[in-house]
Amino acid sequence: MRSVTERDPRRVPPQPTEIWTAKVYCGSDNALQTDYISKMLLGVRLGPGAAVLPKEIYRINLQFAKSVDGGHMGPRKFWRNMLPRLKYHNPTVDMNVDRTVANDGPATLTLFFHSQSSSTPTTPAEQTDPNAITKTINMKNKTDTGIWEEFVTLTDAKAVRPTEEDTRLLQELAEQNTDSAENSARQKEENKRIKRERQLLQMVKQD
Amino acid sequence: MAAARTPLAQWGHSLLSQSRNKPDALSRICLACQSRYASAATTAKYRRGDANAPTKKKKERKHFKTEDLKNADKYSLVEAMRYIRAFEVGYPSNSPKYEIAMKLRTLKNGPLVRSRLNLPHPVKTDMRICVICPPDSPQADAARAAGASLVGEDAIFDAVKEGRIEFDRCLCLDTSLPKLAKAGIARALGPRGLMPSAKTGTVVRDVSAAVRDMVGASEYREKEGVVRLAIATLAATPEQLKANIKAFMDKVRGDLNTLSDRIVKDVHEVVLSSTHGPGFTLNGEFADEEGTRPEELAR
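It should be emphasised that the depicted structure is a prediction, and the values quoted were computed from it without experimental measurement. (Residues numbered from 1 in each chain as written. Chains lettered and ligands numbered in written order. Predicted model: local features only at pLDDT ≥ 70, side-chain atom pairs only at ≥ 80, totals over all residues. Heavy atoms only, no water.)

Engineer: Please explain the pairing of strand E4 (residues 108-113) of chain A as it appears in this structure.
Structural biologist: Consecutive residues of a regular strand have side chains that alternate between opposite faces of the sheet. All names here are of chain A. Of all six residues making up E4, six are buried, and the element is well covered by its neighbours. Of the two faces of E4, both are covered, the one formed by Thr108, Thr110 and Phe112 as well as the one formed by Leu109, Leu111 and Phe113. Inspection of the sheet shows strand E2 (residues 57-65) paired to E4 by six bridges, in the antiparallel sense. Directly across from Ile57, in E4, lies its bridge partner Phe113. (Buried < 20%, exposed > 50% of the residue type's maximum accessible area, 1.4 Å probe, protein only. Helix = DSSP H or I, 4+ residues; strand = E, 2+ residues; numbered from the N terminus. Pairing = 2+ DSSP bridges.)

Engineer: Hey, could you run me through the sheet that holds E4(A) in this one?
Structural biologist: Hydrogen bonding along the main chain pairs the strands of a sheet, whether they run parallel or antiparallel. Residues and elements named next belong to chain A. Pairing is mixed across the open sheet formed by four strands, whose spatial order is E3-E2-E4-E5. Two strands bound the open sheet, and with one partner strand each, they are strand E3 (94-101) and strand E5 (133-138). Going from strand to strand, the sheet's axes swing by 20° on average, the running direction of each strand aside. With six bridges joining them, E4 and E5 adopt antiparallel strand pairing. Bridge pairing in E5 links Leu111 to Lys135. Running over the sheet, helix H2 (residues 73-89) touches E2, E3 and E4 and is turned about 160° from E2. (Axes fitted to C-alpha atoms, helices over the stretch in contact; angles between N-to-C directions. Contact = heavy atoms within 4.5 Å.)

Engineer: Is there a simple way to explain the packing of aromatic side chains in this structure?
Structural biologist: The description of an aromatic ring pair uses the distance of the two centres, along with the angle that the planes make with each other. As enumerated under the stated definition, the model contains 11 aromatic pairs over all chains in all. Ring plane angle 50° and centroid distance 6.1 Å describe the contact between Phe78(A) and Phe151(A), whose orientation is recorded as tilted. Taken together, the residues span a long stretch of sequence, with Phe78(A) in helix H2 and Phe151(A) in helix H3 (residues 144-155) at a distance of 73 residues. Phe151(A) gets classed as buried once you look at its relative accessible area, which sits at 0%. A centroid spacing of 5.6 Å and a plane angle of 65° characterise the contact between Trp79(A) and Tyr91(B), whose relative ring orientation is edge-to-face. Residue Trp79(A) is found in helix H2, and its partner Tyr91(B) is found in the loop between helix H4 (77-87) and strand E1 (97-105); the two belong to separate chains. Taking relative accessible area as the criterion, Trp79(A) reaches 3% and is therefore assigned buried. (Phe/Tyr/Trp six-rings, centres within 6.5 Å; stacked < 30°, edge-to-face > 60°.)

Engineer: Got a minute to help me understand the confidence of the model for chain A in this structure?
Structural biologist: A low pLDDT means the predicted coordinates there should not be read in detail. All names here are of chain A. For chain A, the average pLDDT comes to 79, and 73% of its residues sit at 70 or higher. Low pLDDT (under 50) marks residues 1-5, which in the prediction has 18 contacts with non-local residues, meaning those over four places away or in another chain. Note on residues 16-34: pLDDT is under 50 here. Beyond four places in sequence and across chains, it has 44 contacts. (pLDDT = per-residue confidence, 0-100.)

Engineer: Just checking my understanding: could you explain the pattern of salt bridges for this structure?
Structural biologist: It is possible for side chains of opposite charge to pair when their charged atoms get near one another. In the structure shown here, the tally under the stated rule is 12 salt bridges over all chains. Across the pair Arg59(A) and Asp94(A) runs a salt bridge whose closest N-O atoms are separated by 3.6 Å. With Arg59(A) in strand E2 and Asp94(A) in strand E3, this residue pair connects regions lying 35 residues apart in the sequence. Each member of the pair, Arg59(A) as well as Asp94(A), carries the same accessibility label: buried. Residues Lys265(B) and Glu222(B) are paired through a salt bridge, measuring 2.6 Å at the closest nitrogen-oxygen approach. Note that Lys265(B) is positioned in the loop between helix H10 (238-258) and strand E9 (266-274) and Glu222(B) in strand E7 (residues 217-223), a separation of 43 residues in sequence. The pair formed by Lys265(B) and Glu222(B) is uniform in burial state, with each residue classed as buried. (Salt bridge = Lys/Arg side-chain N within 4 Å of Asp/Glu carboxyl O.)

Engineer: Looking at this model, I keep getting lost on the sheet that holds strand E6 (residues 203-204) of chain B. Mind explaining?
Structural biologist: All names here are of chain B. Pairing within the open sheet is parallel, and its four strands lie in the order E4-E3-E5-E6. The strands lining the two open edges of the sheet, one partner per strand, are strand E4 (150-152) and E6. Note that strand E5 (residues 169-173) and E6 share two bridges and pair parallel. Bridging from a neighbouring strand, Cys172 pairs with Val203 of E6.

Engineer: Looking at this structure, I do not really get H4(B). What am I missing?
Structural biologist: Residues spaced three or four apart along an α-helix face the same direction, because each turn holds 3.6 residues. In terms of burial, H4(B) is a largely internal element, 11 of the 11 residues being buried. Buried residues of H4(B): Leu77(B), Val78(B), Glu79(B), Ala80(B), Met81(B), Arg82(B), Tyr83(B), Ile84(B), Arg85(B), Ala86(B) and Phe87(B), and no others.

Engineer: Which parts of the structure should I look at to understand unusual backbone geometry?
Structural biologist: Glycine aside, residues mostly have negative phi, and peptide bonds are mostly found in the trans state. All names here are of chain A. Here Asn141, not a glycine, exhibits a phi torsion of approximately 60°, which is positive. Here Asn141 is to be found in the loop between E5 and H3. The residue Asp156 is not glycine, and still its phi comes out positive at about 65°. Here Asp156 lies in the loop between H3 and strand E6 (158-159). Looking at Asp156, the relative accessible area reads 54%, which means it is exposed.

Engineer: What's the story with the environment of Ser274(B) in this structure? I'm lost.
Structural biologist: Residue and element names in this part refer to chain B. Considering the arrangement of structural elements, one finds Ser274 in strand E9. Under the relative-accessibility criterion, Ser274 is labelled buried at 3%. C-alpha of Ser274 to C-alpha of Glu88: the two residues are 186 residues apart in sequence and 8.1 Å apart in space. One polar contact links Ser274 to Glu88, side chain to side chain, over a distance of 2.5 Å. Looking at Ser274, its side chain comes within polar contact range of the main-chain nitrogen of Gly277, at 3.1 Å. (Polar contact = N/O pair within 3.5 Å; in protein donor to acceptor, adjacent residues only side chain to side chain.)

As structure tokens, this is what we get:
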């Protein structure tokens, strides 16, 4: 009855990349289902934003408006999609979002680097560095991916590769997606057929 | 979840569906071309409102359902914190809170766990406390000094009758209790859980001490078999959160033990969550051996 039992061996195996574009998803009514959370958390461990920053960076400040008008959509998306992943892989880095700016105001991302002299990262949470070097990205009128590319070139962040376990989960998810698409297509056909039969029956009855 | 795509599961599935529909159908290929419709006899049986259908009464559940946690993902405190901090990134550190939910193995009826405790690292809330006692007594002055926002008798009764309830907790001096009872505001306060009563420990002799206790205290109660509590602010370090969770667990265990002998309740699951984050079932460990180090989450 299900395609699972007779999977076509010639079928092209699904590519485990779909989740990479997935948004960071939080909340579920179904959290107790086995593996569910671990798959959900995959979206935080991997994807755009999942990168390890060099040790000199100790703080990232984002500044943009509360609503999206005036080119403030990209910064918000960056915060929602990339920043959780960045925070997961760089838990010691302080990340702040200030959304008190007016819509015609700037949208900036400021990076704080420890100066070379004090770059010994014994205290990663060192918050006040008078000699800190700052670099700024103008985020206004840019997409979240555009901001991320600029961020990577500026910081030299190293992207995180999926572990073996992650790859297995990704593969599993991709398979589920293709199965689900197949099933829904088949069911759609089936429903169509039933509907047509009912209509025919109706017509016969009316005659 | 259809995660298990093992050959064994497939085999089991096909076996099941075969036996359900056609006990003697052997070929697996035949499955694909089976009829999808149940026979007329069976549809009649399951038709809604059929008086002749045998009614099988479902046995009512006496306990709240507890899931089997054998296969559930469990996390150490530090790992859970790392994820939660990622989900909460960008919010001001004083606004989101770590929350804890403790699932109990318990009957649906019977006494409930309800108490309050002072956490070692309090979750700061600007709670407004109302104290009912004669407004010009020394007790009233002491209560005001301890942090009560409303102190008085008739003035408060009148305000409540008008619908102005400008407090989150209500205490009552034991000598003022008859006056409170006469005022007839239980109808307004009762449903909100604000009506002072000796049972909840809100009718007291020493008002100022009670207020002081309450200012830093967190209240919790069991609801549908779960005790929930905001356990720490997001700025808490792993050690602070651990201390708070431990204090909470000990307090609830104490509460469970003081219930009557016939009532057996115990802790089934502890879930750490936060204002915007998902929930993580804790495994009781502080940190994984080769996982995140607690120092990394110190800030």
